[in-house]
Amino acid sequence: MEKINPLEHRTLVWNGYENENYLVNTNGQVYSLENKIYLKPNNFKRSSQLVRLYMNSRKESLMIHKVMSETFSDLMGHTPLSRFIKLGGKLTEKAKQGINLNISVDHIDRNPLNNLISNLRFSTHTEQNLNSGPSKNGTCIYKGVSEKAQRKEDHIGIVVRCFFAKKKIPLVGCSGQVTKYQRVHSKEESIQKQREYALLFDETLKAGIIDQFSDHPILADEIINEVTYLNSNHYDLNASSFV
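Residues numbered from 1 in each chain as written. Predicted model: local features only at pLDDT ≥ 70, side-chain atom pairs only at ≥ 80, totals over all residues. Heavy atoms only, no water.

A. Region of interest: the nonpolar core. Leu12, Val24, Val30, Val51, Leu53, Leu62 and Met68 are the most contacted members of the largest nonpolar core, which has 19 residues in total. Among the secondary structure elements, those contributing two or more residues to this core are β1 (9-14), β2 (17-25), β6 (48-55), α1 (64-71) and β10 (120-124). Discounting residues that sit within four places of it in the chain, valine 24 has contacts with Glu8, His9, Arg10, Leu12, Gln29, Val30, Val67, Met68, Thr71 and Phe72. Counting 15 residues, the second-largest nonpolar core is a separate cluster that includes Leu91, Ala95, Ile223 and Val227. (Core = buried A, V, L, I, M, F, W, Y, C linked by side-chain atoms within 4.5 Å. Buried < 20%, exposed > 50% of the residue type's maximum accessible area, 1.4 Å probe, protein only. Helix = DSSP H or I, 4+ residues; strand = E, 2+ residues; numbered from the N terminus. Contact = heavy atoms within 4.5 Å.)

Okay, structure coming up:
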C-alpha cells in the first residue's frame, strides 16, 4: 500500500463527472483508492502525459492536463486573452480577425510532461502558439530562425532564414509568412546573422500583436509580457557567444 502524500487531493473529474474510485493531487498524480497506489503515467510521444484507469467499467487513457483542468479548475490561471473573455470582455472585429479563441490547457513552461497545477493555465489556441518555443527539430536555437548549409561553386555557404510575418499574421503562425534570408560564408558570420534575425523575428511579432489588438492596447501589452515567447527573453542576442 502506497501512502497518500500531503498535497491537496480531490475526487477525479472527467467530462464533468466525478469518479470516486480515484483521487488527483495538485502535482498531477492520480491515486487509485481500490489498489491504494499512485498510477504510473505514460508519456505519449513526449507530447502529453496519459494515465490509464477505469471509467464506466471500461479502461481508458486520460490526458492528465485535462484531468487537472477539470478537477482543479478553480486553481487554474488564465492567459490574458482567456481572462479577458472569461470576464466578459468583447473584442472588436479587427482584433478577432484570424485568431483562434478556442480555449484549452496551456503548459506555462512549454513542457507537456509537467502537469503541476502551478504550470497549467487556461489559454486560447492563439496564445498557446505565441507561447511555443523554437522547433525541437529545428536547425537553430532561436524561434523563427533556421539555417541550411549549401554548396555552390566549390565553396560552402550557409543560408540563414528568418521566418516572420506582417501585421496580425504572427498570431496565427501559418498564412502570410514572409521569408528573409542571407548567404554567409563562415560559422561566425552565421551566428551573428542568426542573432540579428532572432531580434527581427521578435520585433515583427510584437508589432503584429500591437497591430492586431490596436483597439485593446492594455490587452496587447499583457499578451506580449505574459505569454509571448521572445528570443531576447531567453538569450543575450548582443553577446559575442551563445549563452
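B. Seen up close, the packing of aromatic side chains. Taken as a whole and judged by the stated rule, the model has two aromatic pairs. Ring centres 4.9 Å apart and planes at 70° place the aromatic pair tyrosine 31 and tyrosine 38 in the edge-to-face group. Taking 5.2 Å as the distance between ring centres and 90° as the angle between the ring planes, the aromatic pair formed by tyrosine 142 and tyrosine 235 counts as edge-to-face. Here tyrosine 235 lies in the segment after α7 (217-226) and tyrosine 142 lies in the loop between α4 (125-131) and β11 (145-152), a separation of 93 residues in the sequence. (Phe/Tyr/Trp six-rings, centres within 6.5 Å; stacked < 30°, edge-to-face > 60°.)

C. How the structure looks around the pairing of β6. Most of β6 sits inside the fold, with six of its eight residues counted as buried. In terms of strand pairing, β6 meets strand β7 (residues 58-63) through six bridges, oriented antiparallel. Bridge pairing in β7 links leucine 53 to glutamate 60. In this structure, the hairpin formed by β6 and β7 is closed by a connection of two residues, where asparagine 56 is found at a positive phi of approximately 55°. (Pairing = 2+ DSSP bridges.)

D. Molecular detail of α1. Along α1, six of the eight residues are buried, which leaves the element largely enclosed by surrounding structure. For α1, the complete set of buried residues consists of Ile64, His65, Val67, Met68, Ser69 and Thr71. Tucked into the core, α1 has its buried residues touching β1, β2, β6, β7, β9 (103-107) and β10.

E. View of the sheet that holds β2. Strand order in the open sheet formed by four strands is β1-β2-β3-β4, with antiparallel pairing between adjacent strands. Since the sheet does not close on itself, it has two edges, and those belong to β1 and β4 (37-38), each with one partner. Where β2 lies against strand β3 (residues 30-32), three bridges are found, and the strand directions are antiparallel. Among the inter-strand pairings, valine 24 is bridged to a residue of β3, identified as valine 30. Sheet contacts for α1: β1 and β2; angle to β1, the most-contacted strand, approximately 110°. (Axes fitted to C-alpha atoms, helices over the stretch in contact; angles between N-to-C directions.)

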